[in-house]
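In case you want the letters, here they are:
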Amino acid sequence: MDYDIKDIDMAGKGRLRVEWASQSMPVLGGIRERFERDRPLEGVRISACLHITAETANLARALKGGGAEVVLCASNPLSTQDDVAAYLVAEEEIPVFAIKGENSQTYYEHIQRALNHGPTVTMDDGADLVSSLHFIALGKWKELSPAVRKWAEGLTSTAREEMVRRVVGGTEETTTGVIRLRSMEAGGVLQFPIIAVNDADSKHFFDNRYGTGQSTMDGIIRATNRLIAGSVFVVCGYGWCGKGLAMRARGMGAHVVVTEVDPLKALEAIMDGYRVMPISEAAGVGDIFCTVSGDVKVIGKDHFRKMKEGAIVANSGHFNVELDLEGLEEITVSKGQVREHVEEHVLKGGRRIYVLGQGRLINLASAEGHPSSVMDMSFANQALVAEYLALRGHTLEKRVYRVPVEIDRAIAKMKLEAMGVRIDQLTEEQQRYLASWEQGT
Ligand code: NAI
């Protein structure tokens, strides 16, 4: 079996971690049992570019249980749990290409090896796998990383075309990936249908908000061990992730400041009780900053210049481009690693700024990512959407689709059942009333 991981001897520790996570993933567990019985993914080849965590391992087991041939590569160079990767290879016989801390070249080489699997279904978290596949198919050599380019140039043009033609459909896990894929659709280059798992209500209402909220605080605290209470905590971007993060920071006693570009989101933040101001102003008042916007250079060179002595800066958005780290380098006179995930930048005049986890999503870089219970719903979506693609993918167009509403609602229902929570049912009279227009005051 072809794989590339840190150390296969870590498998035992990985198994414990995966089993612990599975206890909080009853919905995915139920799907796995059904998959093992019905084998709906027989003949499906899945290349999944996801964070290699204990929760992803449970997804991979469910997919394999359903009959799919699965390979995994990392969707971020810093998010891999090496013991989990070892467990998947050693005990589940699932090929994994991922090593925590891999450089950009190895990261893309791993994507290339996952593509070499010849997927009929792709899974992405940020669209790096699908975009690489499209760059190959469209002959956009310049955009490809050298590792993938070298491999792709060695393939015949028929083989390259076949790689894309073979794909029945793909799934996308995160906001940034969906934005990239919608841009591919708008530009007329998308070569197969994608289902935006991120956009399912049973995904982003919970994963982006409560998952990112809790795990980002966890990441910042593990990296720094600083007291949150009494600090000024700046959240850049008040979308689903930002709302969760602001809520949790306030819950720990921080004075939360929100920065936004969308007037509606800014208003929402104000009415939720936060201070809102431009980043140029927030830069001078914050003790801790965290970007969750999916945008580029949200904290720029001039903002770093304005920061207070000892300011802590992190990102929990998908890519580290949210922080202008190159700009920060330009004004840095010396730097050094002062804790495992903390890099100190000394600016002219001696002021110090601390960047966490190289600006990569801090909840995965220095903590363990989202709690399993919330990933239960996200990955139940992934599993059921993979099944949907296997059954219906050939009927879809080359577009980005929402998760079918029946799947979305079924997952919420299963989660409630697993939590032992019962809710009311509409009576016939209520159904009639809600569907009618005749009845007024
Ligand atoms: P969203 O679209 O709901 O929210 C983003 C918000 O940022 C929007 O309200 C937008 O107006 C705002 N924004 C954009 N540019 C800005 C700027 N220059 N300054 C201030 N605000 C700005 O997106 P969501 O779902 O909250 O995701 C945000 C990012 O987090 C994405 O990159 C997503 O892929 C990533 N993500 C990370 C997770 C993690 O585990 N760390 C989990 C889920 C999503």
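Predicted model only: the values in this text are computed from it and were never measured. (Residues numbered from 1 in each chain as written. Predicted model: local features only at pLDDT ≥ 70, side-chain atom pairs only at ≥ 80, totals over all residues. Heavy atoms only, no water.)

What about the domain arrangement of the chain?
Definition in use: Domain start and stop points were drawn from an automatic or database domain assignment. When checking whether two residues touch, look at their non-hydrogen atoms; a contact exists if any pair is within 4.5 Å. Here the buried area means the combined drop in accessible surface, using a 1.4 Å probe, for two parts upon being joined, counting both sides. Should a side-chain nitrogen of Lys or Arg be within 4 Å of a carboxyl oxygen of Asp or Glu, the pair is scored as a salt bridge. Between N or O atoms, a polar contact is any pair within 3.5 Å; within protein, one atom must be a potential hydrogen donor and the other a potential acceptor, and residues adjacent in sequence are included only when both atoms are from side chains.
Each assigned domain of the chain is listed here: domain 1 (8-202 + 369-418) and domain 2 (212-365). For domain 1 versus domain 2, the separation of C-alpha centres amounts to 29 Å. Contacts between domain 1 and domain 2 engage 17 residues on the former and 14 residues on the latter. Overall, the association of domain 1 and domain 2 removes approximately 1200 Å² of surface from exposure, summing both partners, and the carbon and sulfur fraction of that is 60%. When the buried surface of domain 1 facing domain 2 is broken down by residue, L78, T176 and G369 rank first, second and third, together holding 37% of it. Where domain 1 packs against domain 2, one counts zero salt bridges. Linking domain 1 with domain 2 are six residue pairs in polar contact (both at pLDDT 80 or more).

Regarding the pattern of salt bridges
When their charged atoms lie close together, side chains carrying opposite charge are able to pair. As a reminder of what qualifies: Numbering of helices and strands runs from the N terminus; a helix is a DSSP stretch of H or I covering at least four residues, while a strand is a stretch of E covering at least two. The classification of residues rests on relative accessible area computed with a 1.4 Å probe and restricted to protein chains. Under 20% of the type maximum is buried, over 50% is exposed, and intermediate values are partly exposed.
Within the structure shown, the criterion is met by 30 salt bridges. When the shortest N-O distance is used, the salt bridge between R45 and E69 registers 3.2 Å. On the criterion of sequence distance, the pair formed by R45 in strand β1 (residues 45-50) and E69 in strand β2 (residues 69-74) is long-range, its members being 24 residues apart. The exposure class assigned to R45 is partly exposed, which follows from its relative accessible area of 27%. You can call E69 partly exposed: its relative accessible area is 44%. Of the charged contacts in the structure, one is a salt bridge between D287 and K308, with a shortest N-O distance of 3.0 Å. With D287 in the loop between α14 (279-285) and β10 (288-291) and K308 in the loop between α15 (301-306) and β11 (311-315), this residue pair connects regions lying 21 residues apart in the sequence. Within this structure, K13, R17, D83, D218, R222 and E368 form a network of salt bridges that share partners.

Here's the deal with the sheet that holds strand β4 (residues 121-124)
What counts here: When DSSP finds at least two bridges between two strands, those strands are taken to pair. Axis angles are defined between N-to-C directions and span 0 to 180 degrees, where every axis is a line fitted to C-alpha atoms and, for a helix, only to the segment in contact.
With parallel pairing, seven strands are arranged side by side in an open sheet as β3-β2-β1-β4-β5-β6-β15. Each of the sheet's edge strands pairs with one partner strand only, and the pair in question is β3 (96-97) and β15 (400-402). Across three bridges, the pairing between strand β6 (residues 194-196) and β15 is parallel. In the sheet register, I195 faces β15, and the bridge partner there is Y401. Relative to the sheet, helix α5 (residues 104-115) contacts β1, β2 and β3, its axis offset from that of β2 by approximately 170 degrees.

Examining the site of the ligand
This is how it is decided: Summary of the distance rule: residues count as near a molecule or strand when at least one heavy atom falls within 4 Å of that molecule or strand. Each residue receives one of three labels: charged for Asp, Glu, Lys and Arg, nonpolar for Ala, Val, Leu, Ile, Met, Phe, Trp, Tyr, Cys and Pro, and polar for the others, Gly being one of them.
In the vicinity of the ligand there are 26 residues, among which T174, T175, T176, E260 and S316 approach most closely. Residue E260 places a side-chain N or O atom 2.5 Å away from an oxygen atom belonging to the ligand. The separation between an oxygen atom of the ligand and a polar side-chain atom of N363 is 2.8 Å. Contributions of two or more residues to the shell around the ligand are made by α9 (175-186), α11 (207-224) and α12 (240-251). Looking at side-chain class alone, the shell around the ligand contains seven nonpolar, 15 polar and four charged residues. Residue assignment places the shell around the ligand across two domains, with domain 1 (8-202 + 369-418) and domain 2 (212-365) each supplying three or more.

Thoughts on the pairing of strand β13 (residues 342-347)
Regular strands place side chains that alternate from one sheet face to the opposite one. Counting buried positions along β13 gives five out of six residues, so the element sits mostly inside the fold. With six bridges joining them, strand β12 (residues 332-339) and β13 adopt antiparallel strand pairing. Across the sheet, residue R339 finds its bridge partner in β13, namely V342. Hairpin connection between β12 and β13: a loop of two residues separates the two successive antiparallel strands.

Here we look at the packing of helix α18 (residues 372-392) against helix α19 (residues 405-419)
We count it as follows: Roughly parallel means an angle under 35 degrees; roughly antiparallel means over 145; roughly perpendicular covers 65 to 115; every other angle is labelled oblique. By definition, turning the near helix anticlockwise from the far helix through less than a right angle yields a left-handed crossing, and turning it clockwise yields a right-handed one.
Put simply, α18 and α19 touch, their axes get as near as 10 Å, and they point 140 degrees apart. Between α18 and α19, the angle is such that the two are oblique. Two packed elements cross with a definite hand, and for α18 against α19 that hand is right-handed. For the pair α18 and α19, contact is made by S373, D376, M377, A380, N381, L384 and Y388 and by I407, I411, M414 and K415, respectively.

A closer look at the side chain of N363
Checked against the element boundaries, N363 lands in helix α17 (residues 362-365). N363 sits in the buried class, given a relative accessible area of 3%. At 3.1 Å, the side chain of N363 forms a polar contact with the side chain of S215. The contact partners of N363, leaving out residues within four places of it in the chain, are S215, T216, S316, E368, G369 and H370.

Description of the packing of α5 against helix α6 (residues 128-137)
Between α5 and α6, the shortest axis-to-axis distance is 10 Å and the interhelical angle comes to 75 degrees. Judged on the interaxial angle alone, α6 and α5 are roughly perpendicular. Here Y107, Y108, I111, A114 and L115 of α5 lie close against α6, whose contacting residues are D128, L129, S132, L133 and I136.

Notes on the packing of aromatic side chains
This is how the line gets drawn: Here the aromatic set is Phe, Tyr and Trp, taking the six-membered ring for Trp, and pairing holds for ring centres within 6.5 Å; pairs whose planes are under 30 degrees apart are stacked, those over 60 apart are edge-to-face, and all others are tilted. Criterion for a charge above a ring: Lys NZ or Arg CZ within 6 Å of the ring centre, and within 35 degrees of the ring normal.
Per the counting criterion, the structure on display carries five aromatic pairs. Ring centres of Y238 and Y274 lie 5.8 Å apart, and the angle between their planes is 65 degrees; this geometry places the pair in the edge-to-face category. Highlighted residues: Y238 in the loop between β7 (232-236) and α12 and Y274 in the loop between α13 (263-271) and β9 (275-276), separated in sequence by 36 residues. The same class applies to Y238 as to Y274, namely buried. Three or more aromatic residues link up through ring pairs in this structure, and these residues are F205, F206, Y210 and W240. Over the face of the ring belonging to W240 we find K243, whose NZ or CZ atom lies 5.5 Å from the ring centre. Over the aromatic face of Y401 sits the side chain of R399, whose NZ or CZ is 4.7 Å from the ring centroid.

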